[in-house]
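Listed below are the residues making up each chain.
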2 protein chains.
Amino acid sequence: MGDNTHIRSMLLAQDLMATTSDAAPERLARSAGQQPLYSTLAEMLSREIYEGKYPPTTTLPSEKELTERYGVSRQTVRFALRMLRERGLISSHPGIGTIVREPVRTQGRFKALNSAEALLQFVEGTEMHATSLREIIVDAELGEQIECKPGLLMSEATFVRKTPGEDLPMSFVKIYVPPRFAAAQQKPIVSNTPVYQNIEKMFNVRVREIRQDVTATVLDEELAGILQTAPGEAALQMTRFYYDENQQLLQVTVSFYPRSRYTQSARFRVDDEA
Amino acid sequence: MGDNTHIRSMLLAQDLMATTSDAAPERLARSAGQQPLYSTLAEMLSREIYEGKYPPTTTLPSEKELTERYGVSRQTVRFALRMLRERGLISSHPGIGTIVREPVRTQGRFKALNSAEALLQFVEGTEMHATSLREIIVDAELGEQIECKPGLLMSEATFVRKTPGEDLPMSFVKIYVPPRFAAAQQKPIVSNTPVYQNIEKMFNVRVREIRQDVTATVLDEELAGILQTAPGEAALQMTRFYYDENQQLLQVTVSFYPRSRYTQSARFRVDDEA
DNA sequence: AGGTATTTGTTCGTATGTATT
DNA sequence: GAATACATACGAACAAATACC
């Protein structure tokens with residue numbers, strides 16, 4: 001991140017100027033070891049859209065104009081726009097231009113290979129109450145559980161998930177994030193935007209795949225206390241691995257659902273053979 | 001799609017040649033009004049992967065080689081690979097190459113379930129040892145569990161499910177069948193054809209949808225004895241409802257999987273919004 | 001350990017096609 | 001039909017990550 005800041009502010013200043021002057025735009029080059037140029041540009045445009053510079057239903061400057069304004073090639077512009085398109089921020093239409101889309105509900109984004117939307121729908125409309133945040137070194141046992149090499153540094157945050165109307169918590173969640181994305185964990189005490197969405201926004205990546213392992217466990221005294229259940233109650237233990245399109249691990253969550261508070265339901269359809 | 005066929009067969013023939021000869025590959029051009037070239041190429045590669053030409057964990061030919069083999073630019077190859085990557089078929093790594101991914105992860109006690117087919121196959125690969133068979137009147141508690149009205153007559157069979165080769169049973173299963181299909185339950189003591197297949201064959205119906213509810217439980221003495229586990233061990237309790245295309249209930253199964261013997265694994269992908 | 005070759009990632013330039021105004 | 005804007009496709013070059021000797 002560090003050195004990128006000056007690039008972005010440079011870009012911003014230049015961008016603001018470009019709207020009011022005809023000054024020849026300076027060339028922009030990627031500093032060594034930084035994020036790709038198109039990624040930086042996507043971040044910038046995304047921020048400007050959120051800030052209201054390009055309101056929904058209006059069009060962005062054309063690709064040609066963007067290449068001139070930022071002094072980058074059309075390919076770079078297109079790659080940046082592609083990222084925004086994949087995040088649902090814009091839509092592109094030949095002959096028309098690039099239109100800023102209305103912010104959409106993030107629900108329904110997840111469509112399972114096997115149709116388990118019901119499985120993730122409950123994430124909406126729940127409150128996450130942070131209970132701890134720390135950095136840990138992965139030991140052998142945890143490494144086994146979250147499938148990463150022992151000795152690695154990870155950021156661990158713990159939460160209690162509550163349904164807004166309910167008194168008793170629905171589940172206890174531990175979220176592990178690689179140090180690269182740790183900044184996304186610095187959040188308010190109570191939140192209802194999932195951590196992965198913070199990572200997506202802050203680091204310009206996208207969750208493309210989730211693997212979920214389900215097993216059963218018996219709640220120990222500590223967990224039973226946190227969840228306010230009878231000690232010894234059975235619980236579902238779900239481990240979810242979030243990956244981007246390059247199989248890069250973005251986060252791992254380990255959740256405990258007491259049997260009395262949650263049942264997972266999924267539907268499978270049998271296809272006709274072609 | 002129609003006219004595309006000749007292009008693809010041309011590509012295929014050329015591809016097969018290229019592996020055994022040094023003949024200069026013919027250039028390929030997109031016919032008017034067709035799908036993009038990279039899209040056609042992606043389709044081809046995808047099919048070849050499914051057909052086993054490029055098995056999982058092996059690498060695809062390098063981008064340079066693909067450009068030569070198909071006579072297209074590197075950009076076209078990269079766009080095609082990008083499509084496959086977004087579908088989770090491959091992953092790319094600088095210095096290494098493009099690796100064909102395993103369709104699912106299947107190792108140890110982890111079994112992947114991503115579709116009804118996988119679920120049904122999973123059932124087929126196991127041995128069922130019958131332990132009891134009787135007719136019962138559904139009481140209030142069971143009615144709640146299998147979602148049918150108390151007072152109804154159902155045929156109940158119980159089994160121990162074993163992986164061939166393994167000593168210890170994997171799970172304990174109770175199968176409930178409505179009286180009109182009860183004849184399908186009259187079976188040998190040891191079997192590996194699932195009950196639902198008997199119902200399909202005998203009554204000329206087909207399973208079209210399966211709903212699966214998952215919760216956790218603690219094994220009681222009786223179940224621990226049957227499953228030969230430590231009493232008090234946690235277990236996954238899965239209830240599956242089998243329906244035909246008219247939403248007619250064909251059978252209900254209630255299974256208990258000790259935590260040490262089975263973990264359910266599923267993979268979900270996130271789609272782009274169109 | 002070090003240097004070279006290979007492979008994917010990024011970026012530029014350019015040309016042409018297609019859809020809309 | 002002409003102008004505009006995005007989509008596809010080619011070529012070329014360098015950077016970064018990895019493998020091999």
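Values in this document were obtained by computation on a predicted structure and should not be read as measured data.

Overview of the pattern of salt bridges
Scanning the model with the defined rule gives 22 salt bridges over all chains in all. R69 of chain B is the partner of E65 of chain B in a salt bridge, and the nearest nitrogen-oxygen pair spans 3.1 Å. Of this pair, E65 of chain B and R69 of chain B both sit in helix α3 (residues 63-70), separated by four residues, roughly a single helical turn. For E65 of chain B, a relative accessible area of 36% puts it in the partly exposed group. Among the charged side chains, a salt-bridge network with shared partners connects R82, E86 and R208 of chain A together with R82 and E86 of chain B.

Overview of the nonpolar core
By size, the foremost hydrophobic cluster in this structure holds 39 residues, and its most contacted members are L236 of chain A together with L236 and Y242 of chain B. In terms of nonpolar packing, the next biggest core, distinct from the first, is built from 20 residues, I175, F181, V195 and Y242 of chain A among them.

Looking at the confidence of the model for chain A
Residues and elements named next belong to chain A. Per-residue confidence for chain A gives a mean pLDDT of 78; residues scoring 70 or more make up 77%. Least confident of the elements in chain A is helix α1 (residues 4-18), whose mean pLDDT is 36; most confident is helix α8 (residues 221-227), at 95. Note on residues 1-25: pLDDT under 50 across the span, and 38 contacts to partners over four residues away in sequence or across chains. Across residues 106-121, where pLDDT falls below 50, the model places 44 contacts with residues more than four positions away in sequence or in other chains.

What about the packing of aromatic side chains?
Applying the stated criterion to the full structure yields nine aromatic pairs over all chains. Relative to F79 of chain A, the ring of Y38 of chain A lies with its centre 5.4 Å away and its plane at 65°, an arrangement referred to as edge-to-face. Of this pair, Y38 of chain A sits in helix α2 (residues 37-51) while F79 of chain A sits in helix α4 (residues 74-86), and the two are 41 residues apart along the sequence. Measuring from ring centre to ring centre gives 5.9 Å for Y196 of chain B and Y242 of chain B, while their planes differ by 20°; the resulting arrangement is stacked. In this pair, Y196 of chain B sits in helix α7 (residues 195-203) while Y242 of chain B sits in strand β9 (residues 234-243), placing the two residues 46 residues apart along the sequence. The exposure class assigned to Y242 of chain B is buried, which follows from its relative accessible area of 2%. Of note, K201 of chain A hangs over the ring of Y50 of chain A, and the distance from its end group to the ring centre comes to 4.7 Å.

Description of the packing of α2 of chain A against α4 of chain A
A pair of packed helices can be characterised by two numbers: the angle between their axes and the separation between those axes. Residues and elements named next belong to chain A. At a minimum axis distance of 8 Å, the contact between α2 and α4 shows a crossing angle of 55°. Relative to α4, α2 is oriented oblique. Helix-helix and strand crossings are classified by hand; for α2 and α4 the assignment is right-handed. Where α2 approaches α4, its residues L37, Y38, S39, L41, A42, L45, S46 and I49 are matched on the opposing element by T76, V77, F79, A80, L81, M83 and L84. Residues belonging to the contact of α2 with α4 are distributed by class as follows: twelve nonpolar, three polar and no charged.

A look at the environment of I136 of chain A
All names here are of chain A. Considering the arrangement of structural elements, one finds I136 in strand β3 (residues 127-137). For I136, a relative accessible area of 10% translates into the label buried. For the pair I136 and E156, spaced 20 residues apart in sequence, the C-alpha separation works out to 6.7 Å. Here I136 is in contact with L142, L152, L153, M154, E156 and Y176, once residues within four sequence places are set aside.

So, the protein's contact with DNA strand C
Close contacts around DNA strand C come from 25 residues, with L37, Q75 and T76 of chain A together with E63 and R74 of chain B the closest. A share of 67% is what sugar and phosphate atoms reach among the atoms of DNA strand C within 4 Å of the protein. A distance of 2.9 Å separates a phosphate oxygen of DNA strand C from a polar side-chain atom of S73 of chain A. In this structure, R78 of chain B approaches DNA strand C through a side-chain N or O atom, which is 2.9 Å from a phosphate oxygen. Sorting the residues of the surface near DNA strand C by element identifies α2 and α4 of chain A together with α4 (74-86), β1 (90-93) and β2 (97-100) of chain B as the ones contributing at least two each. Of all the elements, α4 of chain A adds the most residues to the surface near DNA strand C, at three residues.

Let's talk about the sheet that holds strand β5 (residues 153-162) of chain B
Here eight strands make up an open sheet; going across it, the order is β10(A)-β8(B)-β9(B)-β10(B)-β6(B)-β5(B)-β4(B)-β7(B) and the pairing antiparallel. In this open sheet, the two strands that pair with only one neighbour each are β10 (264-269) of chain A together with β7 (190-191) of chain B. As judged from the five bridges shared by strand β6 (residues 171-177) of chain B and strand β10 (residues 249-258) of chain B, these two strands associate in the antiparallel manner. Looking across to β10 of chain B, one finds that F172 of chain B is bridged to F256 of chain B. Across the sheet, α7 of chain B lies against β5, β6, β9 and β10 of chain B, angled at about 170° from β10 of chain B, the strand it touches most.

What counts, and where the lines are drawn
Residues numbered from 1 in each chain as written. Chains lettered and ligands numbered in written order. Predicted model: local features only at pLDDT ≥ 70, side-chain atom pairs only at ≥ 80, totals over all residues. Heavy atoms only, no water. Salt bridge = Lys/Arg side-chain N within 4 Å of Asp/Glu carboxyl O. Helix = DSSP H or I, 4+ residues; strand = E, 2+ residues; numbered from the N terminus. Buried < 20%, exposed > 50% of the residue type's maximum accessible area, 1.4 Å probe, protein only. Core = buried A, V, L, I, M, F, W, Y, C linked by side-chain atoms within 4.5 Å. pLDDT = per-residue confidence, 0-100. Contact = heavy atoms within 4.5 Å. Phe/Tyr/Trp six-rings, centres within 6.5 Å; stacked < 30°, edge-to-face > 60°. Lys NZ or Arg CZ within 6 Å of the ring centre and 35° of its normal. Axes fitted to C-alpha atoms, helices over the stretch in contact; angles between N-to-C directions. Parallel < 35°, antiparallel > 145°, perpendicular 65-115°, else oblique. Left-handed = near helix turned anticlockwise from the far one by under 90°. Nonpolar A, V, L, I, M, F, W, Y, C, P; charged D, E, K, R; others polar. Near = heavy atom within 4 Å. Polar contact = N/O pair within 3.5 Å; in protein donor to acceptor, adjacent residues only side chain to side chain. Pairing = 2+ DSSP bridges.

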